[in-house]
Amino acid sequence: MRCILAFSLIFLVGGVVCALPSTARSAQVEQTATTDPGVAEAKRLIAQAQKSAPRQAIPLYEKALRLFERHYGSNSGALVDVLLYLGAAHQALGDYAGALPYFQRSVAIDEKALGPEHSDFAADLNAVAGVYRELGEYAKALPLYRRSLAIVEKRFGPEHAIVAMSLNSLAVLYGDMGEYQKAMPLYQRSLAIREKLFGPNDPSVATSLNNLAGLYQSTSEYAKALPLYQRSLAIREKVLGPEHPDVAVSLNNLASLYRALGEYSTALPLYRRSLAIAEKAYGAVHPDVAMAINNLAALYQAMGDYAKARPLYERSLGIVEKTLGAGHPRMGASLNNLAVLYRDM
């Protein structure tokens, strides 16, 4: 899946963008909701959008934003929740460039309205950093994640759930950057906090297990990675259901480990199931679907079945170019994968 998690504010359930609005921001809206018809209509549109899939939600949120702007002005804190909803909806569709200006605008408004040490401002920073990471702009993401973590540690203390989420986000970025030794203690600390707060079978624990396993896989410590992937998958299937996008992530990652171990027959059904779940959750054109297709192609290539690998690589390349753009690092990786296949054929 891929909707940005701005702490507890925004999340995705069953393909629907949902949100928990900031109490501080919502108070300003509530004061005029019963007297101004424009504000009342905006609230109705937001409620309707939150029951809709991301693509259908976006025009509803946009209309609500215009109504709020008309009533409150363009720099009011009352706009931030709907800005975050819009950013989250674009990100859920894999439209990271489309999400970025909404998140950036929320940062500017909240910094002025709430101050640079407020937890809502930290959430805004986290959201922008997440988009930069998805766009491959790691140098821009890093200071934002660090600043966000510093704010929430000061605000909530070292063992809060929000701190665990922030630690995990920073660790993911370090992993993407190949700085595994920096990522490892962050993942371990995040996992420890979540297990202490929520117990061993919470979905957030599954996320930490999955990410820590991925790090072990990146350093070729396969024996350490395997039980973590398996435990993460078991938690997600039990708690979230067998067709949840997070289950697709666990299946894909477990399959990648089996592929690295040369156990192709074990990996193949896992990759296929992961792709089927991703396509059902996101549709045919989404970065996560492209990744699932690419990984299935890589397995077929490793098996020497080039005829099956080629159309999958080509389809994955087309999706990456359409959703992420020609300058994204994954575009280069997709082109390289296809070139290597052509060479081997």
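Residues numbered from 1 in each chain as written. Predicted model: local features only at pLDDT ≥ 70, side-chain atom pairs only at ≥ 80, totals over all residues. Heavy atoms only, no water.

Peer 1: Any details on the overall build of the protein chain? Residues and values, ideally.
Peer 2: Counting its secondary structure elements, the protein chain contains 16 helices and two strands. Across the 345 residues that make up the protein chain, the buried fraction comes to 55%. Across the protein chain, the fraction of contacts at a sequence separation of at least 24, relative to all contacts at a separation of at least 6, is 61%. Of the roughly 14,700 Å² of accessible surface on the protein chain, 56% is carried by carbon and sulfur atoms. (Helix = DSSP H or I, 4+ residues; strand = E, 2+ residues; numbered from the N terminus. Buried < 20%, exposed > 50% of the residue type's maximum accessible area, 1.4 Å probe, protein only. Contact = heavy atoms within 4.5 Å. Areas by Shrake-Rupley, 256 points an atom, 1.4 Å probe, with all protein chains shown as cover.)

Peer 1: Quick one: what's the story with the packing of aromatic side chains, residue by residue and with numbers?
Peer 2: One pass over the structure, following the stated rule, counts two aromatic pairs. Measuring from ring centre to ring centre gives 5.3 Å for Y61 and Y85, while their planes differ by 40°; the resulting arrangement is tilted. On the criterion of sequence distance, the pair formed by Y61 in helix α3 (residues 54-72) and Y85 in helix α4 (residues 80-92) is long-range, its members being 24 residues apart. Of the two residues, Y61 and Y85, both sit in the buried class. (Phe/Tyr/Trp six-rings, centres within 6.5 Å; stacked < 30°, edge-to-face > 60°.)

Peer 1: So what about α4? Which residues, and what values?
Peer 2: For α4, built from 13 residues, the straight-helix expectation of 18 Å at 1.5 Å per residue is met to within 8% by its first-to-last C-alpha distance of 18 Å. Burial runs high along α4: 13 of the 13 residues are buried. Just past α4, the residue G94 takes up positive phi, approximately 80°. (Expected span 1.5 Å × (residues − 1).)

Peer 1: Explain the environment of A53 to me, and be specific about the residues and the numbers.
Peer 2: Summarising the element assignment, A53 is placed in the loop between α2 (37-49) and α3. Considering only alpha carbons, one finds A53 and L93, 40 residues apart in sequence, at a separation of 9.7 Å.

Peer 1: Outline unusual backbone geometry, listing residues and values.
Peer 2: Across the chain, the bulk of peptide bonds are trans and the bulk of non-glycine residues have phi less than zero. The backbone of S220 sits at a positive phi, close to 65°, despite the residue not being glycine. By the secondary structure assignment, S220 is in the loop between α10 (203-218) and α11 (222-240).

Peer 1: Go over the pattern of salt bridges with me, naming the residues and quoting the values.
Peer 2: A full pass over the atoms with the stated rule returns 17 salt bridges. With its nearest N and O atoms 2.9 Å apart, the salt bridge here joins E195 to R231. Of this pair, E195 sits in helix α9 (residues 180-198) while R231 sits in helix α11, and the two are 36 residues apart along the sequence. Note on E195: relative accessible area 30%, which makes it partly exposed. (Salt bridge = Lys/Arg side-chain N within 4 Å of Asp/Glu carboxyl O.)

Peer 1: Go over the packing of helix α6 (residues 119-134) against helix α7 (residues 138-156) with me, naming the residues and quoting the values.
Peer 2: Between α6 and α7, the shortest axis-to-axis distance is 8 Å and the interhelical angle comes to 155°. One way to sum up the angle between α6 and α7 is to call them roughly antiparallel. As α6 runs across α7, the sense of the crossing is left-handed. For the pair α6 and α7, contact is made by S119, F121, A122, L125, N126, V128, A129, G130, Y132 and R133 and by Y138, K140, A141, L144, Y145, R147, S148, I151, V152, R155 and F156, respectively. (Axes fitted to C-alpha atoms, helices over the stretch in contact; angles between N-to-C directions. Parallel < 35°, antiparallel > 145°, perpendicular 65-115°, else oblique. Left-handed = near helix turned anticlockwise from the far one by under 90°.)

Peer 1: A description of the packing of α3 against α4 should follow, citing residues and the corresponding values.
Peer 2: The contact between α3 and α4 brings their axes to 9 Å, and the two run at 160°. The angle between the axes of α3 and α4 places the two elements in the roughly antiparallel class. Viewed along their axes, α3 and α4 form a crossing whose handedness is left-handed. Here α3 contributes P54, I58, Y61, E62, A64, L65 and F68 to the contact with α4, which in turn contributes V82, L83, Y85, L86, A89, H90 and A92. In the contact of α3 with α4, the residues fall into 12 nonpolar, one polar and one charged. (Nonpolar A, V, L, I, M, F, W, Y, C, P; charged D, E, K, R; others polar.)

Peer 1: Describe in detail the environment of E41, supporting the description with residues and values.
Peer 2: Position of E41 among the secondary structure elements: in helix α2. A relative accessible area of 26% means that E41 is categorised as partly exposed.

Peer 1: Explain the environment of L60 to me, using residue names and the numbers behind them.
Peer 2: Position of L60 among the secondary structure elements: in helix α3. In this structure the C-alpha to C-alpha distance between L60 and R44, which are 16 residues apart in sequence, comes to 9.4 Å. In this structure L60 touches L45, Q48, A49 and S52, once residues within four positions along its chain are discounted.

Peer 1: Residue-level account of α2, with values.
Peer 2: Taking 1.5 Å per residue, 13 residues should reach 18 Å; α2 reaches 18 Å between its end C-alpha atoms and fits that length. When α2 is considered as a whole, its buried residues turn out to be G38, V39, A42, L45, I46 and A49. Down the axis of α2, the buried set is contained in an arc of 120°. They therefore lie on one face. (Arc of directions from axis to C-beta.)

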